[in-house]
Amino acid sequence: AQSVTQLGSHVSVSEGALVLLRCNYSSSVPPYLFWYVQYPNQGLQLLLKYTTGATLVKGINGFEAEFKKSETSFHLTKPSAHMSDAAEYFCAVTEGGYSTLTFGKGTMLLVSP
Amino acid sequence: EAGVVQSPRYKIIEKKQPVAFWCNPISGHNTLYWYLQNLGQGPELLIRYENEEAVDDSQLPKDRFSAERLKGVDSTLKIQPAELGDSAVYLCASSPMLAGGGTGEQFFGPGTRLTVL
């Protein structure tokens, strides 16, 4: 069965600083990997996804992530944090194709002025 | 295009009372999911439908939870009776069928936040 580990339940950065949210996965088959963002009292919004092909994927709002098979990682980055990026971020995996998502526990991103 | 619609958005009930949540998926989406999200946790699948058929309900506590998807469109999730530990957010998602088979990307509704007192 697949699983996801997100290191750090909370990450704090200053506005303009680099954002790095860590995600490691386990999967017995080539995975599909996703990052979702959740604002307070809202549903999940897809930021970006890796299915096949290019390992560096770009998403909305300036976020990107790199699939590293050797490290079983899919870390999320953004060069310069904005106050509006403050939210909870979830990494998720499916085992081959789009199917039931297995989520990590989430990382709350806090952005200070 | 309208997104996944869920109602109510918030519900407060006394323990042992019944409660029901409703989900209207994106038009044309064959697959519908119900997820449970506890505070500080990621969502976990409760049940997955392909059209009217529940294809994965292994995580649904069937002693108190039930779900239906009549006509393969709207879905209702019910808890009877509710317990204190059921306080959580219940998320609905839907996805389309891909031309080559299999299901596509999931789109999530805003969720229903349940508080059991």
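Quantities reported herein were computed from a predicted structural model and do not represent experimental measurements.

Draft legend 1. Layout of the overall build of chain B. Within chain B, the secondary structure is distributed over zero helices and eleven strands. Ordering the α and β elements of chain B from the N terminus gives β-β-β-β-β-β-β-β-β-β-β. Over its C-alpha atoms chain B spans a radius of gyration of 14 Å, differing by no more than 12% from the 13 Å that the globule rule assigns to 117 residues. Projected onto its principal axes, the C-alpha positions of chain B cover 45 × 25 × 25 Å. Per-residue burial for chain B yields a buried fraction of 45% across its 117 residues. For chain B, the accessible area works out to roughly 5800 Å², and carbon and sulfur atoms hold 51% of it. Across chain B, the mean location of the 11 positive side-chain charges is 7 Å away from that of the 14 negative side-chain charges.

Draft legend 2. Layout of the layout of surface pockets. When its volume is computed, the largest pocket comes out at roughly 410 Å³. Taken together, 24 residues form the lining of the largest pocket, with Gln38(A), Gln37(B), Leu39(B), Val89(B) and Arg113(B) sitting closest to its centre. Those elements giving two or more residues to the lining of the largest pocket turn out to be β9 (87-95) of chain A together with β9 (88-95) and β11 (112-116) of chain B. Here the lining of the largest pocket is built from residues that sort into ten nonpolar, eleven polar and three charged. Surrounding the second largest pocket, 17 residues form its lining, Thr102(A), Pro43(B), Glu44(B), Leu45(B) and Gln59(B) being those nearest its centre. Going through the elements one at a time, β10 (102-103) of chain A together with β5 (44-50) of chain B are the ones with two or more residues in the lining of the second largest pocket. Ranked by residues supplied to the lining of the second largest pocket, first place goes to β5(B) with three residues. Across the lining of the second largest pocket, the residue classes tally to seven nonpolar, seven polar and three charged.

Basis of the calculations
- Residues numbered from 1 in each chain as written.
- Chains lettered and ligands numbered in written order.
- Predicted model: local features only at pLDDT ≥ 70, side-chain atom pairs only at ≥ 80, totals over all residues.
- Heavy atoms only, no water.
- Helix = DSSP H or I, 4+ residues; strand = E, 2+ residues; numbered from the N terminus.
- Rg over C-alpha atoms; globule rule 2.2 N^0.38 Å.
- Buried < 20%, exposed > 50% of the residue type's maximum accessible area, 1.4 Å probe, protein only.
- Areas by Shrake-Rupley, 256 points an atom, 1.4 Å probe, with all protein chains shown as cover.
- Lys, Arg positive; Asp, Glu negative; His and termini not counted.
- Charge placed at Lys NZ, Arg CZ, Asp CG, Glu CD.
- 1 Å grid on protein atoms, 1.4 Å probe; cavity = no way out; pocket = protein on both sides within 12 Å on 5 of 7 lines; lining within 4 Å.
- Points joined across faces, edges and corners; volume = space filled by probe spheres on them.
- Nonpolar A, V, L, I, M, F, W, Y, C, P; charged D, E, K, R; others polar.

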